[in-house]
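If you want the building blocks of each chain, they are given just below.
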Amino acid sequence: MKLSDLSGKEIVDVKRAERLGVLGQTDLEINEQTGQIEALLIPTLKWFGLRKQGNEVRVPWRHIKKIGNDMIIIDIPEEEIE
């Protein structure tokens, strides 16, 4: 899968049934030595992006459960949210 294939997909947390953002509004944490994606860094937004809270959610790649045509489903334990 190419990075361009991921662009524009909604990121949805399966436990909270919340939309966390759209890939393209997120940053990727990439291992410089292997080139593999280690995590998605999603800015936390309030009121549909009108007010930024200044924090971000780090979603390790291992917590991505499914990548579909329109969205990326994640399942991240509460204690691992940074």
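Up top you'll find the structure we're talking about.
The notes below deal with the structure included here. (Residues numbered from 1 in each chain as written. Predicted model: local features only at pLDDT ≥ 70, side-chain atom pairs only at ≥ 80, totals over all residues. Heavy atoms only, no water.)

Concerning the side chain of Asp13
1) Next: As for its position among the elements, Asp13 is in strand β1 (residues 10-13).
2) Next: A distance of 2.9 Å separates a polar side-chain atom of Asp13 from the backbone nitrogen of Lys15.
3) Next: In this view, Asp13 contacts Glu18, Leu20, Ile74 and Ile76; residues no more than four positions away in its chain are not counted. (Helix = DSSP H or I, 4+ residues; strand = E, 2+ residues; numbered from the N terminus. Polar contact = N/O pair within 3.5 Å; in protein donor to acceptor, adjacent residues only side chain to side chain. Contact = heavy atoms within 4.5 Å.)

What about the sheet that holds strand β2 (residues 18-22)?
1) Next: In spatial order, the strands read β2-β1-β7-β6; together these four strands make up an open sheet with mixed pairing. This sheet does not close on itself; its edge strands, each paired only once, are β2 and β6 (64-67). Between one strand axis and the next, the sheet turns by 25 degrees as a mean value, whatever way the strands run.
2) Next: Bridge count between β1 and strand β7 (residues 71-74): four bridges; the pairing is parallel. Across the sheet, the residue bridging to Asp13 is Ile74, located in β7. (Pairing = 2+ DSSP bridges. Axes fitted to C-alpha atoms, helices over the stretch in contact; angles between N-to-C directions.)

Here we look at the environment of Val12
1) Next: Take Val12: it is sitting in strand β1.
2) Next: Sequence spacing of Val12 and Asp75 is 63 residues, and the spatial spacing of their C-alpha atoms is 8.7 Å.

Structural notes on the pattern of salt bridges
1) Next: Applying the stated criterion to the full structure yields four salt bridges.
2) Next: A salt bridge links Asp75 to Lys15, with the nearest nitrogen and oxygen atoms 3.3 Å apart. Of the two residues, Asp75 is situated in the segment after β7 and Lys15 in the loop between β1 and β2; the sequence distance between them amounts to 60 residues.
3) Next: Judged by its relative accessible area of 54%, Lys15 is exposed.
4) Next: Here Glu29 makes a salt bridge to Arg58, at a shortest N to O gap of 2.7 Å. Of this pair, Glu29 sits in strand β3 (residues 27-30) while Arg58 sits in strand β5 (residues 51-60), and the two are 29 residues apart along the sequence. (Salt bridge = Lys/Arg side-chain N within 4 Å of Asp/Glu carboxyl O. Buried < 20%, exposed > 50% of the residue type's maximum accessible area, 1.4 Å probe, protein only.)

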